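Fold and contact review
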Amino acid sequence: LASWLVISLVFLFAGLKNSSNLFKDGFRLNFLPTLEIMGDLAEDSSYKELTLSHLRLAQGDPNTIRTPAVFKPGETIFIMTDVYGYRKSGRMAWLQEDFEVRYPDASIGVHQENIVDYHQVVPSSGAVELTNSIQLPENAQAGTYTITIVVRDLFGHQHASIKQTFEIKEPVKTPSELQAIPGPSPQE
């Protein structure tokens, strides 16, 4: 009797977890065999390892994406990346981000470890977006800069990195901003 009770409870629990059970909205009787491969299983299984993708650079606020990534000295750059394949402990994810910017001559301009420490409850599936920003100096030299982002998954004990370049160009001066160059003095 006890074993039948345990088996019945297991089947009841499995039935209630079914997304098409009769207690859910939109229940329909369907006598045709089906195989459901979409949903949480497909989303979670697509990334087996920690993966960074879709690195975006924006100016002013995170919604103003710059394509191509060309900025002027003094502007604020928002750097956003999506993280997939992270491990969760319960519903929590714990990700840390290191950030580095290299100047056009390949020397390190900025290097910050743990610039982002993301330890929060996450949705059941999908990407986590990590965002940070830097203020370009007013005297930043023109050229191509390289951003490197390294993300560590503290629950999954893995890390991943992504790189992208951006350019700094001097603003074009309008004719009113240009100084007049004195011409040769008349010879007497």
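Residues numbered from 1 in each chain as written. Predicted model: local features only at pLDDT ≥ 70, side-chain atom pairs only at ≥ 80, totals over all residues. Heavy atoms only, no water.

**Let's talk about the sheet that holds strand β7 (residues 143–153)**
Across the sheet, 5 strands lie side by side as β2-β8-β7-β4-β5; this open sheet has mixed pairing. The sheet is open, and its two borders are formed by β2 (70–71) and β5 (108–121), each paired with just one other strand. Of the strand pairs in this sheet, strand β4 (residues 92–102) and β5 are connected by 10 bridges, and their pairing is antiparallel. Residue pairing in the sheet places Arg 102 in a bridge with Ile 108 of β5. (Pairing = 2+ DSSP bridges. Helix = DSSP H or I, 4+ residues; strand = E, 2+ residues; numbered from the N terminus.)

**So, the nonpolar core**
Burial of nonpolar side chains together is a common tendency in soluble globular proteins. Membership of the largest hydrophobic core comes to 30 residues, with the highest contact counts inside it found for Ile 79, Ile 149 and Phe 166. Those residues in contact with Ile 149, other than ones at most four positions away along the chain, are Leu 52, Leu 55, Ile 79, Glu 97, Asp 98, Phe 99, Ala 160, Ser 161 and Ile 162. (Core = buried A, V, L, I, M, F, W, Y, C linked by side-chain atoms within 4.5 Å. Buried < 20%, exposed > 50% of the residue type's maximum accessible area, 1.4 Å probe, protein only. Contact = heavy atoms within 4.5 Å.)

**A short note on the packing of aromatic side chains**
In total, this model carries 4 aromatic pairs according to the counting rule given. Seen from their ring centres, Tyr 103 and Tyr 145 are 5.8 Å apart, and the 80° between their planes marks the pair as edge-to-face. Of the two residues, Tyr 103 is situated in the loop between β4 and β5 and Tyr 145 in strand β7; the sequence distance between them amounts to 42 residues. Using a relative accessible area of 36% as the deciding quantity, one classes Tyr 103 as partly exposed. Plain terms: the ring middles of Tyr 145 and Phe 166 are 5.4 Å apart, the flat faces sit at 15° to each other, and that makes the pair stacked. Of this pair, Tyr 145 sits in strand β7 while Phe 166 sits in strand β8 (residues 158–168); the two residues are 21 residues apart in sequence, bridging distant segments of the chain. Taken as a pair, Tyr 145 and Phe 166 share a single burial class, namely buried. Pairwise contacts between aromatic rings join Phe 71, Tyr 103, Tyr 145 and Phe 166 into one cluster. (Phe/Tyr/Trp six-rings, centres within 6.5 Å; stacked < 30°, edge-to-face > 60°.)

**Examining the side chain of Gln 96**
Here Gln 96 lies in strand β4. Separated by 3.3 Å, the side chains of Gln 96 and Asp 117 make a polar contact. What Gln 96 contacts, discounting residues up to four positions off in sequence, is Asn 114, Val 116, Asp 117, Val 150, Val 151, Arg 152 and Leu 154. (Polar contact = N/O pair within 3.5 Å; in protein donor to acceptor, adjacent residues only side chain to side chain.)

**A short note on a nonpolar patch on the surface**
On the surface, a nonpolar cluster with roughly 400 Å² of combined accessible area is contributed by Trp 4, Ile 7 and Phe 11. In this structure, Ile 7 sits in helix α1 (residues 2–17). (Patch = residues over 30% accessible without salt bridge, like charges linked within 9 Å, V, L, I, M, F, W, Y side chains within 5 Å. Areas by Shrake-Rupley, 256 points an atom, 1.4 Å probe, with all protein chains shown as cover. Salt bridge = Lys/Arg side-chain N within 4 Å of Asp/Glu carboxyl O.)

**Points about the side chain of Asp 98**
Relative to the helices and strands, Asp 98 resides in strand β4. Separated by 2.8 Å, the side chain of Asp 98 and the backbone nitrogen of Asn 114 make a polar contact. Setting aside its immediate chain neighbours within four residues, Asp 98 contacts Gln 112, Glu 113, Asn 114, Thr 148, Ile 149, Val 150 and Arg 152.

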